[in-house]
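Working through the structure, step by step
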Amino acid sequence: MNTPADIEPNWEWYRSFLKVLETGSLSAAGREMGLTQPTVGRHIEQLEAALGLKLFVRSFDGFSPTDAALELKPYAAGIAATSAALRRVASSHGREVRGTVRLTASEVISVEVLPPILAELKHRHPGLCIELVMSNRADDLLQREADIAVRMFKPAQDALVAKRLGNIEVGLHAHQRYLAAHGVPHSIAALAGHALIGFDQENAYVRKVLEQFPWLTRAGLAFRADSDLAQLAAIRAGFGIGICQVGVAAREEALVHLLPRKFSVKMETWIAMHEDLRASPRCAVTFAALVAGLGAYIRGG
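Please read all numbers here as calculations on a predicted model, not as lab measurements.

**Some remarks on the environment of Val 57**
- Looking at the element boundaries, Val 57 is found in strand E1 (residues 56-59).
- Residue Val 57 is classed as partly exposed on the basis of its relative accessible area, which comes to 40%.
- Not counting chain neighbours up to four residues away, the residues in contact with Val 57 comprise Gly 62, Phe 63, Ser 64 and Thr 66.

**Some remarks on the pattern of salt bridges**
- Under the counting rule described, the total for this entry stands at 10 salt bridges.
- Close ionic contact of Glu 120 with Arg 124 constitutes a salt bridge, the shortest N to O distance being 3.5 Å. Of the two residues, Glu 120 and Arg 124 both sit in helix H5 (residues 107-124), four residues apart, roughly one turn of that helix.
- Classification of Glu 120 as partly exposed rests on a relative accessible area of 40%.
- According to the relative accessible area criterion, Arg 124 is partly exposed, its value standing at 42%.

**Here we look at the packing of aromatic side chains**
- Counting across every chain of the model gives six aromatic pairs.
- Considering the side-chain rings of Phe 223 and Phe 239, the 5.2 Å spacing of their centres and the 65° angle between planes classify their relative orientation as edge-to-face. Of this pair, Phe 223 sits in strand E8 (residues 223-224) while Phe 239 sits in the loop between helix H8 (228-237) and strand E9 (242-245), placing them 16 residues apart in sequence.
- Taking the relative accessible area as the measure of exposure, Phe 239 reaches 38% and is therefore partly exposed.
- Here the aromatic residues Phe 17, Phe 56 and Phe 63 are joined through ring pairs into a cluster of three or more.

**Concerning helix H3 (residues 37-51)**
- Taking 1.5 Å per residue as the helical rise, H3 with its 15 residues ought to reach 21 Å, and the 21 Å between its terminal C-alpha atoms agrees with that figure.
- Taken together, the buried positions of H3 are occupied by Thr 39, Val 40, Gly 41, His 43, Ile 44, Leu 47, Glu 48 and Ala 50.
- For H3, the secondary structure elements touched by its buried residues are helix H1 (11-23), helix H2 (26-33) and E1.
- Following H3 by one or two positions, Gly 52 has its phi on the positive side, about 70°.

**Quick word on the packing of H1 against H3**
- Across the interface, H1 lies against H3 with an axial gap of 8 Å and an inter-helix angle of 110°. Regarding the angle of H1 to H3, the classification is roughly perpendicular. In terms of crossing hand, the pair formed by H1 and H3 is left-handed. Counting all contacts with H1, which are made through Glu 12, Trp 13, Tyr 14, Ser 16, Phe 17 and Val 20, the residues of H3 involved are Val 40, His 43, Ile 44, Gln 46, Leu 47, Ala 50 and Leu 51.

The rules we used
- Residues numbered from 1 in each chain as written.
- Predicted model: local features only at pLDDT ≥ 70, side-chain atom pairs only at ≥ 80, totals over all residues.
- Heavy atoms only, no water.
- Helix = DSSP H or I, 4+ residues; strand = E, 2+ residues; numbered from the N terminus.
- Buried < 20%, exposed > 50% of the residue type's maximum accessible area, 1.4 Å probe, protein only.
- Contact = heavy atoms within 4.5 Å.
- Salt bridge = Lys/Arg side-chain N within 4 Å of Asp/Glu carboxyl O.
- Phe/Tyr/Trp six-rings, centres within 6.5 Å; stacked < 30°, edge-to-face > 60°.
- Expected span 1.5 Å × (residues − 1).
- Axes fitted to C-alpha atoms, helices over the stretch in contact; angles between N-to-C directions.
- Parallel < 35°, antiparallel > 145°, perpendicular 65-115°, else oblique.
- Left-handed = near helix turned anticlockwise from the far one by under 90°.

Here's what the structure looks like:
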């Protein structure tokens, strides 16, 4: 009879394990993976046998993970990231610049700034495929969760190639339609009489802003969202006065930059990738395109 140490778990078992953790059921996991429910169930049983652990218990609303499953989750996620990185590297070999590059950037940069940069990159290198992780979270480049990251802080890890692009300015903006109806504030004190748009939950960036502008409290906000895109949409809709990147707002005549001398936040902007990818053609051309494109955006060009 096999003991746990005698069986080497198959990667597909871990893949099914992660998907059941995410979806809470065998059937939902199977649909997303393109597998049948019995196949996913068999993968879970085989993984449990290989590890000698009970990973899930059936509950009234699906499958609930055990403490052991929750403890194993980050390790299985690490295997998934490594497997995805391996496939990206394998896809890039050949004469041409080709293969998959996985990028991570904030919501606003991903939606408002990167598309034309990436479109031009694709035009010059048709063999490239781009995966974009639209997140404000700092994905771990050392663990290969992404190949290249656009970050609003200086990367601390020594194993990364990083380039500082400059500062992106963030300021107060409102739509002309809102200002026509409610007036233009000419001081910070006057903002108290306006509908303000901002954060819901505090994070490191929000706390940094609050240190500089303590009057910007959650209680004083008429629209709260942790999505920067949702805040930008509210500004564009004329809901009130909110914070957004000056470069993005400058593209739209209807968005007015308010109190620029009274309120200005500078976000240090970097591009980083793992030093092992320096010689990768797919990553090198993408890194260079981002440096040029984002640099031009920051300079207002």
